[in-house]
Amino acid sequence: GIVDKKRFIDGRSIKPGDKVIGIASPNFRSNGFTLLRAILKKAYGISWHLKKFRGKRWGDIALAKSVVYHAGILSLIGRFGEKSRMRIKGIAHITGGGLPGNAPRMFGKQKLGIVLDNLPRPPTAMLELKKLGNVSDREAYETWNMGIGMVLVTENTQKALGFLKKAGLKASVIGKVLEKPGVLINTNNK
């Protein structure tokens, strides 16, 4: 296919002070399963997937459907052929490597950083795994998404949050862009 160069999302226009939006993810999104299985097998044995946590089997928790962000992102940028509703300056899907490994991808070639100081409480299953496996905050945020499946920077944060809400996605401002490269995560939301 061919992409209209005006619609490229390359991070070039992101600047220090821009707010970062996080779109919620209630589950593991197929990431960190090696650690997940190791913790649960050690805690509950080979049939860990049958053990219940808060009324659900761990196997069902691990295999819960991922939230798909497609409709929400298209609501921001406009559908194919439509005029753009708003510009996304940068975007990153939070996959293997968690927030520290993926959030900087939204900056493209720019040498910027991010502070995530308004993160929502992670899903209870992730917090339980942290406890069961004695997993540090750092390792948890580098392995699982900890409740954030996508991050983005837009030209109008409040308008973007409205579009995402209308698309049925839970989103909030979770931090801001810094001049210095790196990812700082404040995890005081246990």
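Look above for the structure.
Computed from a prediction, not measured in an experiment: that's the story for all the values here.

So, how was this worked out
Residues numbered from 1 in each chain as written. Predicted model: local features only at pLDDT ≥ 70, side-chain atom pairs only at ≥ 80, totals over all residues. Heavy atoms only, no water. Helix = DSSP H or I, 4+ residues; strand = E, 2+ residues; numbered from the N terminus. Rg over C-alpha atoms; globule rule 2.2 N^0.38 Å. Buried < 20%, exposed > 50% of the residue type's maximum accessible area, 1.4 Å probe, protein only. Contact = heavy atoms within 4.5 Å. Core = buried A, V, L, I, M, F, W, Y, C linked by side-chain atoms within 4.5 Å. Pairing = 2+ DSSP bridges. Expected span 1.5 Å × (residues − 1). Arc of directions from axis to C-beta.

Caption draft 1: Up close: the overall build of the protein chain. The secondary structure content of the protein chain amounts to 7 helices and 8 strands. Against the 2.2 N^0.38 benchmark of 16 Å for 190 residues, the protein chain shows a C-alpha radius of gyration of 18 Å, consistent with a compact globule. With respect to the three principal axes, the spread of C-alpha positions in the protein chain is 55 × 35 × 30 Å. In the protein chain, buried positions account for 44% of the 190 residues. Here the contacts in the protein chain between residues at least 6 apart in sequence split such that 79% fall between residues at least 24 apart.

Caption draft 2: Looking closely at the nonpolar core. Counting 35 residues, the largest nonpolar core has Val20, Phe28, Met106 and Val151 as its most contacted members. Elements with a contribution of two residues or more to this core: α1 (33–44), α2 (58–62), β5 (113–116), α5 (124–133), α6 (137–143), β6 (148–154) and β7 (171–178). In terms of residues, this core owes the most to one element, α1, which gives 4 residues. Contact partners of Val151, with chain neighbours within four places excluded, come to Val20, Ile21, Gly22, Gly90, Ile91, Ala92, Ile94, Leu99, Ala103, Met106 and Ile174. In this structure, Ile23, Met150, Phe163 and Leu164 belong to the second largest nonpolar core, which totals 16 residues.

Caption draft 3: Main features of the pairing of β6. Among the 7 residues of β6, 7 are classified as buried, and the element is accordingly described as predominantly covered. Sheet analysis places strand β1 (residues 19–24) next to β6, joined by 4 bridges and oriented antiparallel. In the sheet register, Ile21 faces β6, and the bridge partner there is Leu152. With 5 bridges joining them, strand β4 (residues 88–93) and β6 adopt antiparallel strand pairing. Bridge assignment links Ile88 to a residue of β6, and that residue is Thr154.

Caption draft 4: Layout of α1. Under the 1.5 Å per step criterion, the end-to-end length of α1 is 16 Å for 12 residues, consistent within 8% with the ideal 16 Å. If you check which residues of α1 are buried, you get Phe33, Leu36, Ile39 and Leu40. Projected onto a plane normal to the axis of α1, the buried residues spread over an arc of 130° and lie on a single side. Of the residues in α1, the exposed ones pointing more than 90 degrees away from the buried face are Thr34 and Lys42. Looking at the buried side of α1, the elements it contacts are α2 and α5. Immediately downstream of α1, the backbone of Gly45 shows phi near 90°, a positive value.

Caption draft 5: Representation of the side chain of Thr154. In this fold, Thr154 is placed in strand β6. Take Thr154: its relative accessible area is 4%, and that puts it in the buried class. When near neighbours in sequence (up to four residues on either side) are disregarded, Thr154 contacts Ile21, Met86, Arg87, Ile88, Lys89 and Ala160.

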